[in-house]
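# Coordinate analysis (summary)
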Amino acid sequence: MTLEPDREHALLLLHQMLRIRRFEEKAAELYSLGKIRGFLHLYIGEEAVAVGAMQAFTPDDAIVATYREHGHSLARGTPAGPLMAELYGKANGCARGRGGSMHFFDASRRFYGGLAIVGGGLPVAVGLALADKLTPPSPPYQVGAKGGRVTACFFGDGAVAEGEFHESLNLAALWKLPVLFLCENNLYAMGTALARHQSQTDIALKANAYALPAEAVDGMDVLAVEAATQRAAESVRQGAGPYLLEFRTYRFRAHSMYDAELYRTKQEVEQWKEREPISTFEGLLREWKCLTSEDLAKIEAAIDAEIDEAVAFAEAGPWEPVEDLTKDVYTERT
Ligand SMILES: Cc1ncc(C[n+]2csc(CCOP(=O)(O)OP(=O)(O)O)c2C)c(N)n1
Ligand SMILES: [Mg+2]
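Overview of the structure. Please read all numbers here as calculations on a predicted model, not as lab measurements. (Residues numbered from 1 in each chain as written. Chains lettered and ligands numbered in written order. Predicted model: local features only at pLDDT ≥ 70, side-chain atom pairs only at ≥ 80, totals over all residues.)

This next bit is on the overall build of the protein. The secondary structure content of the protein amounts to 12 helices and 7 strands. Against the 2.2 N^0.38 benchmark of 20 Å for 334 residues, the protein shows a C-alpha radius of gyration of 20 Å, consistent with a compact globule. Viewed in the frame of its principal axes, the protein has a C-alpha envelope of about 65 × 50 × 45 Å. Taken over 334 residues, the protein has a buried fraction of 46%. Counting contacts in the protein only where the partners sit at least 6 residues apart, residues at least 24 apart contribute 75% of the total. (Helix = DSSP H or I, 4+ residues; strand = E, 2+ residues; numbered from the N terminus. Rg over C-alpha atoms; globule rule 2.2 N^0.38 Å. Buried ≥ 20, exposed ≤ 12 C-beta atoms within 10 Å, placed from the backbone. Contact = placed C-beta atoms within 7 Å.)

Within the structure, ligand 1 sits among 13 residues, and Val118, Gly156, Asp157, Gly158 and Ala189 are positioned closest to it. For the shell around ligand 1, a count of residues per class yields 7 nonpolar, 4 polar and 2 charged. (Near = placed C-beta within 6 Å. Nonpolar A, V, L, I, M, F, W, Y, C, P; charged D, E, K, R; others polar.)

This next bit is on the sheet that holds strand β7 (residues 243–248). With respect to topology, 5 strands assemble into an open sheet ordered β1-β2-β3-β7-β6, the strand pairing being parallel. Of all the strands in the sheet, just β1 (62–64) and β6 (214–218) have a single pairing partner and so form its edges. Averaged over all adjacent pairs, the angle separating strand axes in this sheet is 20 degrees, with direction ignored. Sheet analysis places strand β2 (residues 151–156) next to strand β3 (residues 179–185), joined by 6 bridges and oriented parallel. Along β3, the bridge assignment pairs Thr151 with Val179. Running at roughly 170 degrees to β2, helix α5 (residues 121–134) makes contact with β1, β2 and β3 of the sheet. Lying over the sheet, helix α9 (residues 222–237) contacts β3, β6 and β7, oriented at roughly 170 degrees with respect to β7. (Pairing = 2+ DSSP bridges. Axes fitted to C-alpha atoms, helices over the stretch in contact; angles between N-to-C directions.)

We now examine the packing of helix α4 (residues 80–88) against helix α12 (residues 293–316). Running from N to C, α4 and α12 cross one another at 45 degrees; their axes reach a closest spacing of 8 Å. Our classification of the angle between α4 and α12 gives oblique. Note on packing geometry: the crossing formed by α4 with α12 is right-handed. Between α4 and α12, the residues in contact are Ala80, Gly81, Met84, Ala85 and Tyr88 and Glu306, Ile307, Glu309, Ala310, Val311, Phe313 and Ala314, respectively. Taken together, the residues that form the contact of α4 with α12 break down as 9 nonpolar, 1 polar and 2 charged. (Parallel < 35°, antiparallel > 145°, perpendicular 65-115°, else oblique. Left-handed = near helix turned anticlockwise from the far one by under 90°.)

A separate point is unusual backbone geometry. The amide bond that connects Gly113 to the next residue, Gly114, takes the cis arrangement and shows omega of 25 degrees. Looking at the element boundaries, Gly114 is found in the loop between α4 and α5. At Lys176, a residue that is not glycine, the phi angle is positive and equals roughly 50 degrees. By the element assignment, Lys176 lies in the loop between α6 (163–174) and β3. For Lys176, a count of 16 C-beta atoms within 10 Å corresponds to the partly exposed category. At Glu261, a residue that is not glycine, the phi angle is positive and equals roughly 55 degrees. Within the secondary structure layout, Glu261 lies in the loop between β7 and α10 (266–273). The exposure class of Glu261 is partly exposed, given the 14 C-beta atoms found within 10 Å.

Where β6 lies against β7, 5 bridges are found, and the strand directions are parallel. Its bridge partner lying in β7, Ala216 is registered against Glu246. Between β6 and its parallel partner β7, the chain crosses via α9, and the hand of that crossover is right-handed. (Right-handed = clockwise from strand over helix to strand, strands pointing away.)

Interpretation note: all reported values are geometric properties and have no functional meaning in isolation.
The following block contains the structure:
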């Protein structure tokens, strides 16, 4: 992808990717200090996907993500403070500290998770899109007309092994629902390579089998991701039915905080690092004379301040009181 974006927009993309990177580096550090516990799936290496794709959505669209969703929440606009507080398990977290890393949520931005179940987001997204189709919101948002709502559903390559993937694509196509499926193919589901669990590794072809248009996109190139998502989202918005994009990307860290990484070679990781999305984009912007060292220093300083503030917000947050333990827990009393 060589199209030059306008300078301001390019700097915004770079800022967003760097902000996700720094947020997660800080989260990893805080994890080692025992401030954050439980699962923590880092998105490091995949930032171009969330940032590029998110440019195509309006505040009225809906977003569904996976448990590797820190980047998506930040790119969607949820402030870093409530997200960091959620990682801490504090009551000022975006899910009141009850969800943690895998369950970020922000109804005000139509961000519907953060879902821990592999493939679990696909039927949720189909349901949201079905609701939009059955009860179109008041103008100017009308399904089938320009400006219709889109539900964007991010999921991993591991999810294509789930029945929910097949059922969701089938129903979405059959009912022509306004949903955009965004597969983040980082080649592995935990320690299992795609080719070890799928007879057909071309995910776009699987979508074609359910009569969905689909394309594979370089997920390390933020501009390619943005352009493809804009095109696909526009098609969905116009009422043409669902669409699938497969982003070819790579995670640089372990599946969760630690794993022995016996399933891939160091050379493979190093090869992908040569296409590291943030420094590659930075290099392009310098080549295009869109970025100076001063610009970069300003961006880094703004991010440092934002992350410091987010950590302070999380540190100062209260724990949920013990008496609230059964609040919002629905069960029959016996
Ligand atoms: C239904 C279900 N089965 C198994 C798991 C355990 N599990 C957690 S993450 C994961 C791998 C998913 O890989 P992928 O969808 O490619 O996402 P990635 O972690 O690569 O982003 C598995 C099997 C789960 N959370 N849900
Ligand atoms: Mg994967």
